[in-house]
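Breakdown of the fold
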Amino acid sequence: QVQLEESGGGLVQTGDSLRLSCAASVGSISDYAVGWFRQVPGRRRVFVAGVNRSGGTTAYADSVKGRFTISRDNAKNLVNLQMNSLEPEDTAVYYCGAASFRYQNVVAQISTTYDGWGQGTQVTVSS
């Protein structure tokens, strides 16, 4: 039903900021809980940040708390991830996933609970 596409990645230096966007090219992103995950080649995909369908509940990995902010922009059919104070350890391919959870306040941190994913966007943070 929903098709997603990430954008906004790039090459930055330590301490810089990036804003990633997750766009629903098909369907309404407001109908889904959305999670941002990241993956390094050869490693598992791990949770970064998530937001419930209404936008009133968010969750963050401990490693990004205070630096990353997830938010909804329903007028543009987007979910954004503002990333500040980037560190080399943040280097990864970032993916957004959408999930149709039964309860609207759910924010899931397990990748297998999400129904679909975008193609990913590369974030590289140099020392």
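See the structure shown above.
Residues numbered from 1 in each chain as written. Predicted model: local features only at pLDDT ≥ 70, side-chain atom pairs only at ≥ 80, totals over all residues. Heavy atoms only, no water.

**Quick notes on the state of the cysteines**
Convention followed: Counting rule for disulfides: a pair of cysteine sulfur atoms within 2.5 Å. Going along the chain from the N terminus, every DSSP run of H or I of four or more residues is numbered as a helix, and every run of E of two or more is numbered as a strand. A 1.4 Å probe rolled over the protein chains alone gives each residue an accessible area, and that area as a share of the maximum for its type sets the label: buried under 20%, exposed over 50%, partly exposed in between.
Counted according to the given criterion, the structure contains 1 disulfide. Here C22 pairs with C96 through a disulfide, and the sulfurs are 2.1 Å apart. Sign of the S-S torsion, about 75 degrees for the bond between C22 and C96, identifies this disulfide as right-handed. In this pair, C22 sits in strand β3 (residues 18-26) while C96 sits in strand β9 (residues 92-99), placing the two residues 74 residues apart along the sequence. Both residues of the pair, C22 and C96, count as buried.

**Side note on the packing of aromatic side chains**
The condition is simple: Centres within 6.5 Å are what make two rings of Phe, Tyr or Trp a pair, Trp counting through its six-membered ring; a difference in plane orientation under 30 degrees is then read as stacked, over 60 as edge-to-face, and the rest as tilted.
Taken as a whole and assessed by the stated rule, the structure comprises 5 aromatic pairs. Plain terms: the ring middles of F37 and W117 are 5.1 Å apart, the flat faces sit at 80 degrees to each other, and that makes the pair edge-to-face. With a gap of 80 residues between them, F37 in strand β4 (residues 33-39) and W117 in strand β10 (residues 116-117) connect regions that are remote in the sequence. Take F37: its relative accessible area is 0%, and that puts it in the buried class. W117 sits in the partly exposed class, given a relative accessible area of 27%.

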